[in-house]
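Close look at the chain arrangement
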Amino acid sequence: MFKPDETTYKLNDGNQMPVLGFGTYKLDKPELMNQSIQTAYNAGYRLFDTAQYYRNEKMLGDAIRNLGVRREDVFITDKVTEMNQGHDLTINSTDFSLQQLGTDYIDLLLVHWPVAEHFFETWEAFEELKKQGKVRSIGVSNFTRSQLELLKTQANEMPVVNQIETHPYLTQAPLIKFDHDQSIVTQAWSPLGRGLLLDNPMINKMAAHHHKSAAQIILRWDIQRGVAVIPKSQDPKRIAQNADLNFELSGDEMSMLDVMNRNQRTGNEPELVYELGKQYKMYQQ
Ligand SMILES: NC(=O)C1=CN([C@@H]2O[C@H](COP(=O)(O)OP(=O)(O)OC[C@H]3O[C@@H](n4cnc5c(N)ncnc54)[C@H](OP(=O)(O)O)[C@@H]3O)[C@@H](O)[C@H]2O)C=CC1
Ligand SMILES: O=C1CO[C@H](CO)[C@@H](O)[C@@H]1O
């Protein structure tokens, strides 16, 4: 049995990344962060996902230290926000992130959203940060196929992870296949569609059949289709539940989930953010 809490993906740079991770967006109070990280660690999560944009890097770093485990026993993902892109801003903001997290390396650093302005410069800085050992693996988030193809025209090394919005209402099959063909691991953000999917009757029928919750069905579907997950919860029972994924969906159940696609996003459209990037320069002037 493929056990998510014990399983890692081998990334294309030779590093390992846990299949199951813990999302921390909106965990913005130290006590809540501490309790949630402790509960998550006890439940088997080893990957913790933050971003400069979440303004909780310091809280997360403190909560991880409070676990009293070795640094190498956890995996930290961080992301460089749109406003901090460009060569120097990427380098400087990552140094600040390291300081906030209280660590001397980040396991996986992602370009949070593709931004047309400074598109290649930002990636050049990512490659430098990796060479300097400040970052172990480099990846992207919210990149479409055309943005990955554009990046490939100049990158010395390609991203090893693409973190994208995907769930049964936004299955992203073509992009996930493209990532896979390029040896890029796809990681699902908002895998539960921020709660949107949890009252879907078909998913609840499957949940009843397996004596699991709707959230567990969706997370298990992701893992069986080769997608890493980072669900967020601040409820101790739900944190543990989302890590309890050692059951199997049948081929028919997988197909039923595969066809629920409605191309329905909860977040921004990546191509739009990419174009809006041209505006950021105006804000900075
Ligand atoms: N790269 C990017 O652009 C983005 C990355 N992310 C990352 O992905 C992570 C996950 O995405 P997020 O947007 O938080 O959404 P999720 O899809 O993980 O859903 C979180 C919501 O679902 C609820 N929930 C969680 N588990 C259960 C459960 N078992 N039963 C019922 N309800 C549940 C939570 O409530 P409660 O807490 O009360 O349990 C919360 O309201 C983020 O925290 C962040 O780290 C997110 C957005 C964009
Ligand atoms: O990571 C993130 C958390 O959610 C935000 C609001 O949808 C996103 O824009 C951002 O990418």
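Residues numbered from 1 in each chain as written. Chains lettered and ligands numbered in written order. Predicted model: local features only at pLDDT ≥ 70, side-chain atom pairs only at ≥ 80, totals over all residues.

Taken together, 28 residues lie near ligand 1, and G23, Y25, L192, A215 and K232 sit nearest. The element that contributes the greatest number of residues to the shell around ligand 1 is helix α9 (residues 236-243), accounting for three residues. When the residues that make up the shell around ligand 1 are grouped by side-chain class, the tally is eight nonpolar, 15 polar and five charged. (Near = placed C-beta within 6 Å. Helix = DSSP H or I, 4+ residues; strand = E, 2+ residues; numbered from the N terminus. Nonpolar A, V, L, I, M, F, W, Y, C, P; charged D, E, K, R; others polar.)

Within the secondary structure layout, E149 lies in helix α5 (residues 145-152). The sequence separation of E149 and R194 amounts to 45 residues, and the corresponding C-alpha distance is 29 Å.

Now for the site of ligand 2. Neighbouring ligand 2 are Y25, A51, Y53, H112, G267 and N268. Of the residues in the shell around ligand 2, the class split is three nonpolar, three polar and no charged.

Before going further, it helps to spend a moment on the nonpolar core. Judged by nonpolar contacts, the single largest core of 65 residues is most densely connected at M17, L109, V161, I218 and V229. Broken down by element, this core gets its largest block of residues, seven residues, from helix α8 (residues 214-224). Setting aside its immediate chain neighbours within four residues, L109 contacts D78, V80, T94, F126, L129, V135 and I138. (Core = buried A, V, L, I, M, F, W, Y, C linked by C-beta atoms within 7 Å. Buried ≥ 20, exposed ≤ 12 C-beta atoms within 10 Å, placed from the backbone. Contact = placed C-beta atoms within 7 Å.)

We now examine the packing of helix α1 (residues 30-43) against α9. In the contact formed by α1 and α9, the axes pass within 9 Å of each other and the chain directions differ by 30°. Between α1 and α9, the angle is such that the two are roughly parallel. Read as a crossing pair, α1 and α9 show a hand that is right-handed. Every residue of α9 that contacts α1 at S36, T39, A40 and A43 is listed here: P236, I239, A240 and A243. (Axes fitted to C-alpha atoms, helices over the stretch in contact; angles between N-to-C directions. Parallel < 35°, antiparallel > 145°, perpendicular 65-115°, else oblique. Left-handed = near helix turned anticlockwise from the far one by under 90°.)

Read from one edge to the other, the open sheet built from eight strands follows the order β3-β4-β5-β6-β7-β8-β9-β10, with strand pairing classed as parallel. Looking at which strands have only one partner, the edges of the open sheet turn out to be β3 (21-23) and β10 (228-229). The pairing of strand β4 (residues 47-49) with strand β5 (residues 75-80) spans three bridges and is classified as parallel. Across the sheet, residue L47 finds its bridge partner in β5, namely F75. (Pairing = 2+ DSSP bridges.)

This part takes up the UniProt feature "active site" (unreviewed entry) in the chain. According to UniProt, the positions carrying the feature "active site" (unreviewed entry) are Y54. With respect to the element layout, Y54 can be found in the loop between β4 and α2 (57-67). Here Y54 falls in the partly exposed class, since 19 other C-beta atoms lie within 10 Å of it. In this view, Y54 contacts T24 and Y25; residues no more than four positions away in its chain are not counted. (UniProt positions renumbered as here; feature names shortened; annotations may be inferred.)

Here we come to the confidence of the model for the chain. The pLDDT averaged across the chain works out to 95; a share of 96% of its residues lies at or above 70. The model gives residues 281-285 a pLDDT under 50, and that stretch makes one contact with residues more than four places away or in other chains. (pLDDT = per-residue confidence, 0-100.)

Let us look at the UniProt feature "binding site: substrate" (unreviewed entry) in the chain. Here, UniProt's "binding site: substrate" (unreviewed entry) annotation points to H112. Along the chain, the position of H112 falls in the loop between β6 (106-111) and α4 (119-131). Using a count of 22 C-beta atoms within 10 Å as the deciding quantity, one classes H112 as buried. In this structure H112 touches A51, Y53, K79, V80, T81, E82 and S141, once residues within four positions along its chain are discounted.

Before going further, it helps to examine α4. Every α-helix carries 3.6 residues per turn, so stepping three or four residues along brings you back to the same face. Between the first and last C-alpha of α4 there are 19 Å, a value that for 13 residues agrees with the 18 Å anticipated at 1.5 Å per step. Of all the residues in α4, the buried ones are T122, W123, A125, F126 and L129. Looking straight down α4, one finds that the buried residues subtend no more than 155° of arc, so they occupy a single side. On the buried face of α4, the contacting elements are α3 (87-101), β6, β7 (135-141) and α5. Phi for G133, located one or two positions after α4, is positive at around 80°. (Expected span 1.5 Å × (residues − 1). Arc of directions from axis to C-beta.)

Taking burial as the measure, the seven residues of β7 include seven buried ones, the bulk of the element. The pairing of β6 with β7 spans five bridges and is classified as parallel. By the bridge assignment, V111 is partnered in β7 with V140. Taken together, the two bridges between β7 and strand β8 (residues 161-165) define a ladder with parallel strand orientation. Paired with S141 across the strands is Q163, a residue of β8. After leaving β7, the chain enters α5 and then returns to the sheet as β8, a path that is right-handed. (Right-handed = clockwise from strand over helix to strand, strands pointing away.)

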